[in-house]
Amino acid sequence: MDASLLTLLGDLHREGRAHDAEHEDRLQRLRNLEPETGALLNLLLRTYGVRSVLELGTSNGYSTIWLGEAVAANGGRLSSVEMDPARAAEAARNLARAGLSEVVDLHVSDAALVLAQTPADSIDVVFLDAERSEYPAYWDDLVRILRRPGLLAIDNAVSHPHELTAFRAVVDADERALSAVDATGAGVLFVSLPAPG
């Protein structure tokens, strides 16, 4: 990754930590993923040539830059969804600073609505970092939109495992899905939908 982009990511991470320390209300926090998680996801996307990614939960665009840089290197596109217009505007500014505006489609919308409107078999990887209580309701659309093989990456699997209990029960009940937790950063739950046969 370009040194200037790593510097920007470092600055955004420090600013995000400082911002979150000043706010007790979790909804006012940026709640960015850990840099180690960003690096892991970037490596996976680059290694496997992933060209179509959907991110649910843009915040200020910190994770979006990690994902977008990899997708850009592979000649693909990233769609990212954020409900808060102010956060989406901040993300747009940060993506412009990163030189990724032409690679990322930002949607100010509800994640469930975007999922419902996404064509079947159109996405290689979905990154979930939004309201965890909503994830079980997303499952059918997540399965529908993912190409096979397809991958879900869900943040906070170690830091907030109790908030993913219902979603993990849905995943575990589906014979098509394989899952594993990686302890990098706040923990990532990976859910794979292998190719049939």
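Throughout what follows, the structure given in this document is the object of discussion. (Residues numbered from 1 in each chain as written. Predicted model: local features only at pLDDT ≥ 70, side-chain atom pairs only at ≥ 80, totals over all residues. Heavy atoms only, no water.)

**Here we look at the packing of helix α2 (residues 35–47) against helix α3 (residues 62–73)**
Line of reasoning, step 1. Remark: α2 packs on α3, axes separated minimally by 8 Å, with the N-to-C direction vectors making an angle of 20°. It follows that α2 is roughly parallel to α3 by the angle criterion. As α2 runs across α3, the sense of the crossing is right-handed. In this structure, α2 uses Pro35, Gly38, Ala39, Leu41, Asn42, Leu45 and Arg46 to contact α3, whose residues at the interface are Tyr62, Trp66, Leu67, Glu69, Ala70, Val71 and Ala73.
Line of reasoning, step 2. Along the lines of polarity and charge, the residues of the contact of α2 with α3 split into ten nonpolar, two polar and two charged. (Axes fitted to C-alpha atoms, helices over the stretch in contact; angles between N-to-C directions. Helix = DSSP H or I, 4+ residues; strand = E, 2+ residues; numbered from the N terminus. Parallel < 35°, antiparallel > 145°, perpendicular 65-115°, else oblique. Left-handed = near helix turned anticlockwise from the far one by under 90°. Contact = heavy atoms within 4.5 Å. Nonpolar A, V, L, I, M, F, W, Y, C, P; charged D, E, K, R; others polar.)

**Observations regarding the pairing of strand β1 (residues 52–56)**
Line of reasoning, step 1. In terms of burial, β1 is a largely internal element, five of the five residues being buried.
Line of reasoning, step 2. Neither face of β1 is open: one carries Ser52, Leu54 and Leu56, the other Val53 and Glu55, and all of them are buried.
Line of reasoning, step 3. Summarising the sheet, β1 and strand β2 (residues 77–82) pair through five bridges and their orientation is parallel. Of the residues in β2, the one forming a bridge with Glu55 is Ser80.
Line of reasoning, step 4. You can see the chain leave β1, run along α3 and come back into β2, and the turn it takes is right-handed.
Line of reasoning, step 5. Bridge count for β1 against strand β4 (residues 123–128) is four bridges, and the pairing is parallel. Each residue of the ladder has a partner; that of Glu55, found in β4, is Phe127. (Buried < 20%, exposed > 50% of the residue type's maximum accessible area, 1.4 Å probe, protein only. Pairing = 2+ DSSP bridges. Right-handed = clockwise from strand over helix to strand, strands pointing away.)

**Here we look at the pattern of salt bridges**
Line of reasoning, step 1. If you walk through the whole model with that rule in mind, you get seven salt bridges.
Line of reasoning, step 2. For the salt bridge of Arg46 with Glu69, the shortest nitrogen-to-oxygen distance reads 2.6 Å. Placement of Arg46 in helix α2 and of Glu69 in helix α3 is noted, with a sequence separation of 23 residues between them.
Line of reasoning, step 3. Here Glu163 and Arg132 are joined by a salt bridge, their closest N and O atoms 2.6 Å apart. With a gap of 31 residues between them, Glu163 in the loop between β5 (146–155) and α7 (165–172) and Arg132 in the loop between β4 and α6 (135–145) connect regions that are remote in the sequence.
Line of reasoning, step 4. By relative accessible area, which is 31% here, Glu163 ends up partly exposed. (Salt bridge = Lys/Arg side-chain N within 4 Å of Asp/Glu carboxyl O.)

**With respect to unusual backbone geometry**
Line of reasoning, step 1. Here the bond from Arg148 into Pro149 is cis, since omega is -5°, no more than 30 degrees from zero.
Line of reasoning, step 2. One non-glycine residue, Ser59, lies in positive phi territory at about 55°.
Line of reasoning, step 3. Mapped onto the secondary structure, Ser59 falls in the loop between β1 and α3.
Line of reasoning, step 4. The phi angle at Asp121 is positive, at roughly 55°, despite the residue not being glycine.
Line of reasoning, step 5. The residue Asp121 is located in the loop between α5 (111–117) and β4 in this model.

**Looking at the packing of aromatic side chains**
Line of reasoning, step 1. Taken as a whole, this structure holds four aromatic pairs when the rule is applied.
Line of reasoning, step 2. With 6.5 Å between their ring centres and 85° between their planes, Tyr62 and Trp66 make a pair best called edge-to-face. Separated by four residues within a single helix, Tyr62 and Trp66 lie in helix α3, roughly one turn from each other. This pair shows no difference in class: Tyr62 is buried, exactly as Trp66 is.
Line of reasoning, step 3. Taking 6.0 Å as the distance between ring centres and 75° as the angle between the ring planes, the aromatic pair formed by Trp139 and Phe167 counts as edge-to-face. Taken together, the residues Trp139 in helix α6 and Phe167 in helix α7 connect sequence positions 28 residues apart.
Line of reasoning, step 4. With a relative accessible area of 1%, Phe167 lands in the buried category.
Line of reasoning, step 5. Site record: aromatic cluster; members linked through ring pairs are Tyr135, Tyr138, Trp139 and Phe167. (Phe/Tyr/Trp six-rings, centres within 6.5 Å; stacked < 30°, edge-to-face > 60°.)

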